[in-house]
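Next come the chains, spelled out residue by residue.
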Amino acid sequence: MCLGIPMQIKQIDQFTASCEAKGVEREVSLFMLQHEQLAPGDFVVVHVGYAIQKVTPEVAATAWDLYDEMIEKAERIEGAADA
């Protein structure tokens, strides 16, 4: 399964952005969104190092809520298997 991760743009240098999500920072290519208006503070969905879609802060937060729920459930299953 492949997931796109919502990240917030911190800084832009041409077609590369410094992005952050949950304390993790990454350099992200903006090449696929070169025709979008992007600025620091905007949220993008990142997949394998490329920003593939601009999203609202609400969409980014909803995605992270779902991911956190998935991680929590996986950890409970893993913990039950170890018991």
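Read on for a plain summary of the structure. All values derive from a computational prediction rather than experimental measurement.

**A few points about the overall build of the chain**
From N to C terminus, the chain includes one helix and five strands. In the chain, the succession of α and β elements from N to C terminus is β-β-β-β-β-α. Taking 12 Å as the expected radius of gyration for a compact globule of 83 residues, we find that the chain reaches 15 Å, considerably beyond that expectation. Along the longest, intermediate and shortest principal axes, the C-alpha atoms of the chain span 50 × 20 × 20 Å. In the chain, buried positions account for 29% of the 83 residues. Sequence-distant contacts in the chain: of pairs separated by 6 or more residues, those separated by 24 or more amount to 36%. In the structure as shown, the chain presents an accessible area of about 5,900 Å², 55% of it carried by carbon and sulfur atoms.

**A word on unusual backbone geometry**
Its identity as a non-glycine residue notwithstanding, Gln14 has a phi of 60 degrees, on the positive side. Within the secondary structure, Gln14 is located in the loop between β1 (5-13) and β2 (16-21). According to the relative accessible area criterion, Gln14 is exposed, its value standing at 70%. One non-glycine residue, Lys22, lies in the positive phi region at around 55 degrees.

**Side note on the pattern of salt bridges**
One side chain can pair with another of opposite charge once the charged atoms of both are near each other. Under the definition given, this model contains four salt bridges. Measuring nitrogen to oxygen at the nearest pair gives 2.8 Å for the salt bridge that ties Asp68 to Lys22. Placement of the pair is Asp68 in helix α1 (residues 57-82) and Lys22 in the loop between β2 and β3 (24-29), with a sequence separation of 46 residues. Take Asp68: its relative accessible area is 31%, and that puts it in the partly exposed class. A relative accessible area of 54% places Lys22 in the exposed class. One salt bridge connects Lys54 with Asp42, and the closest N-O pair in it is separated by 3.6 Å. Note that Lys54 is positioned in strand β5 (residues 50-55) and Asp42 in the loop between β3 and β4 (43-47), a separation of 12 residues in sequence. What makes Lys54 partly exposed here is its relative accessible area of 33%.

**Here's the deal with the side chain of Ser29**
As for its position among the elements, Ser29 is in strand β3. Here the side chain of Ser29 touches Phe31 through a polar contact of 3.2 Å, landing on its backbone nitrogen. Look past the residues within four positions of Ser29 in its chain and what remains in contact with it is Phe15, Gly49, Tyr50 and Ala51.

Reading the values: the criteria
- Residues numbered from 1 in each chain as written.
- Predicted model: local features only at pLDDT ≥ 70, side-chain atom pairs only at ≥ 80, totals over all residues.
- Heavy atoms only, no water.
- Helix = DSSP H or I, 4+ residues; strand = E, 2+ residues; numbered from the N terminus.
- Rg over C-alpha atoms; globule rule 2.2 N^0.38 Å.
- Buried < 20%, exposed > 50% of the residue type's maximum accessible area, 1.4 Å probe, protein only.
- Contact = heavy atoms within 4.5 Å.
- Areas by Shrake-Rupley, 256 points an atom, 1.4 Å probe, with all protein chains shown as cover.
- Salt bridge = Lys/Arg side-chain N within 4 Å of Asp/Glu carboxyl O.
- Polar contact = N/O pair within 3.5 Å; in protein donor to acceptor, adjacent residues only side chain to side chain.

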